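Inside the fold
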Amino acid sequence: MIKFCSLYSGSSGNSIFLSSGKTKILIDSGLSGKKIIEALSSIGENPTELSAVLISHEHIDHSRGAGIISRKFDIPIYANLNTWNAMESTVGPVCSNNKIYFNTGSGFEIGNIFVNPFPIPHDAVEPVGFNFFVENKKITTATDIGHMNRQLLTYIEGSDVLLLESNHDVEMLKMGKYPWSLKKRIMGDRGHLSNEMAGKVVAYLAQKGTRRFVLGHLSRENNFPELAYQTVKNILKEKSIDIAKDIMLSVASRGQASEAVVI
Ligand SMILES: [Zn+2]
Ligand SMILES: [Zn+2]
């Protein structure tokens, strides 16, 4: 049985739980250790049983609580070398046994889960998304994406479950109170994926067979869950894809664990 659950999702902090049997992984740990432990216990999981914490990139909303979890429960952290170097001060001291390096583009195993970290366009040193191959399923997490491109599509295609960024509504962002430099960064090629782009990607992948989508990493200022959901739903409708019949679409909560996908 695979359990996949977003614990927190959004610009204020991200963490996702994935398990198969005894293998239990956290993808990102971007909140305080206390918050992560709370969310794990709310879904009946114990941090002492974690096999690993994977870090997608050094931004604080993905790395903040990783060091605490590692030190407190003796859990290994996995990241690529550039990310390790960039997040050193955020994560703090981690014992060498728990400091694991992976290479972007090279797969590795954690227990019975095969992990493939793939490159994503974002303004961090070496950001990645993750494919997980487990129990004949492919599960993918892809947030903090400036734009979609052909290479990225090949990594996320064919997933059974995809957690995809749906960060902002472009009009809300343009009209909002952020300074222009920040707006430009978010809308830029290495910023964040808009609701509309997420909708196009979901429509494309739904036509290729993916059935479960979770929208995540919503901006607090420039988005809200109903808007992200409705924007994607409208784009699907244009392509004659029916949410109730053809696919499952949900939005990951910002401040609490979302309903787990169990397959
Ligand atoms: Zn980021
Ligand atoms: Zn982020």
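Placed above this text is the structure.
Residues numbered from 1 in each chain as written. Chains lettered and ligands numbered in written order. Predicted model: local features only at pLDDT ≥ 70, side-chain atom pairs only at ≥ 80, totals over all residues. Heavy atoms only, no water.

A few points about the nonpolar core
Judged by nonpolar contacts, the single largest core of 28 residues is most densely connected at Ile 156, Leu 164 and Leu 236. Contributing elements (two or more residues each) for this core: helix H5 (150-156), strand E11 (161-165), helix H8 (195-207), strand E12 (212-216) and helix H9 (225-238). Per-element accounting of this core gives the leading share, six residues, to H8. The residues touching Ile 156, leaving out its near neighbours within four places in the chain, are Phe 118, Lys 138, Thr 140, Ala 142, Met 148, Leu 162, Val 201 and Leu 205. (Core = buried A, V, L, I, M, F, W, Y, C linked by side-chain atoms within 4.5 Å. Buried < 20%, exposed > 50% of the residue type's maximum accessible area, 1.4 Å probe, protein only. Helix = DSSP H or I, 4+ residues; strand = E, 2+ residues; numbered from the N terminus. Contact = heavy atoms within 4.5 Å.)

Observations concerning the coordination of the zinc ion (ligand 2)
Around the zinc ion (ligand 2), the protein contributes the donor atoms Asp 61 (OD), His 62 (NE2), Asp 144 (OD) and His 217 (NE2), at 2.1 to 2.2 Å from the metal centre. One can describe the donor arrangement at the zinc ion (ligand 2) as irregular, given that its four donor atoms subtend angles of 93 to 164° at the metal. We note that the donor set of the zinc ion (ligand 2) lies within a single chain, spaced as D-H-x81-D-x72-H. (Donors = N, O, S within 2.8 Å, 3.2 Å for Na, K, Ca; no water. Tetrahedral: all angles 85-135°; square planar, octahedral: opposite > 155°, others 65-115°.)

Comments concerning the coordination of the zinc ion (ligand 1)
The protein atoms that coordinate the zinc ion (ligand 1) are His 57 (NE2), His 59 (ND1), His 122 (NE2) and Asp 144 (OD), at distances of 2.2 to 2.5 Å. Classification of the site at the zinc ion (ligand 1) as irregular follows from its four donor atoms and the range of 90 to 171° in their angles at the metal. All donors of the zinc ion (ligand 1) come from a single chain, and their spacing in sequence reads H-x1-H-x62-H-x21-D.

Overview of the pattern of salt bridges
Side chains bearing opposite charge may pair, as long as their charged atoms lie close to each other. The tally for this structure, following the rule as stated, stands at eight salt bridges. Notably, a salt bridge pairs Asp 123 with Arg 185, separated by 2.5 Å at the nearest N-O pair. One end of the pair, Asp 123, is in the loop between strand E8 (113-119) and strand E9 (128-134); the other, Arg 185, is in helix H7 (residues 180-187), and 62 residues separate them in sequence. Residue classification places Asp 123 among the partly exposed positions, given a relative accessible area of 25%. Residues Lys 177 and Glu 221 are paired through a salt bridge, measuring 3.8 Å at the closest nitrogen-oxygen approach. Residue Lys 177 is found in the loop between helix H6 (170-175) and H7, and its partner Glu 221 is found in the loop between E12 and H9; the two are separated by 44 residues along the sequence. Under the relative-accessibility criterion, Glu 221 is labelled partly exposed at 34%. When salt bridges that share partners are traced, they join Lys 3, Lys 24, Glu 45 and Glu 49 into one network. (Salt bridge = Lys/Arg side-chain N within 4 Å of Asp/Glu carboxyl O.)

Some remarks on unusual backbone geometry
Within the chain, Asp 74 stands out as a residue other than glycine whose phi angle is a positive 55°. Looking at the secondary structure, you find Asp 74 in the loop between helix H3 (66-73) and strand E5 (77-79). Owing to a relative accessible area of 56%, Asp 74 belongs among the exposed residues under this scheme.

Side note on the layout of surface pockets
Any space left empty among the atoms is revealed by the rolling of a water-sized probe across them. Space inside the largest pocket adds up to approximately 280 Å³. Along the wall of the largest pocket there are 16 residues; nearest its centre are Val 214, Ser 250, Glu 259, Ala 260 and Val 261. Elements with a contribution of two residues or more to the lining of the largest pocket: strand E1 (2-8), E12, strand E13 (248-251) and strand E14 (261-262). Counting residues per element, the lining of the largest pocket draws most heavily on E13, which supplies four residues. Class assignment for the residues of the lining of the largest pocket results in 11 nonpolar, three polar and two charged. Taken as a whole, the second largest pocket spans an internal volume of roughly 190 Å³. Lining the second largest pocket are 13 residues; nearest its centre among them are Ser 11, Arg 185, Ile 186, His 192 and His 217. If one sorts the elements of the lining of the second largest pocket by residue count, H7 sits on top with three residues. (1 Å grid on protein atoms, 1.4 Å probe; cavity = no way out; pocket = protein on both sides within 12 Å on 5 of 7 lines; lining within 4 Å. Points joined across faces, edges and corners; volume = space filled by probe spheres on them. Nonpolar A, V, L, I, M, F, W, Y, C, P; charged D, E, K, R; others polar.)

Here we look at the packing of aromatic side chains
The full count for this structure, using the stated rule, is seven aromatic pairs. Relative to Tyr 155, the ring of Phe 118 lies with its centre 4.9 Å away and its plane at 10°, an arrangement referred to as stacked. Note that Phe 118 is positioned in strand E8 and Tyr 155 in helix H5, a separation of 37 residues in sequence. Overall, the relative accessible area of 0% leaves Phe 118 in the buried class. Take Tyr 155: its relative accessible area is 21%, and that puts it in the partly exposed class. In textbook terms, an aromatic cluster arises when at least three aromatic residues are bridged by ring pairs, as seen for Tyr 78, Phe 102, Phe 108, Phe 130 and Phe 132. The ring of Trp 84 carries the charged tip of Lys 99 above its face, separated from the ring centre by 5.3 Å. (Phe/Tyr/Trp six-rings, centres within 6.5 Å; stacked < 30°, edge-to-face > 60°. Lys NZ or Arg CZ within 6 Å of the ring centre and 35° of its normal.)

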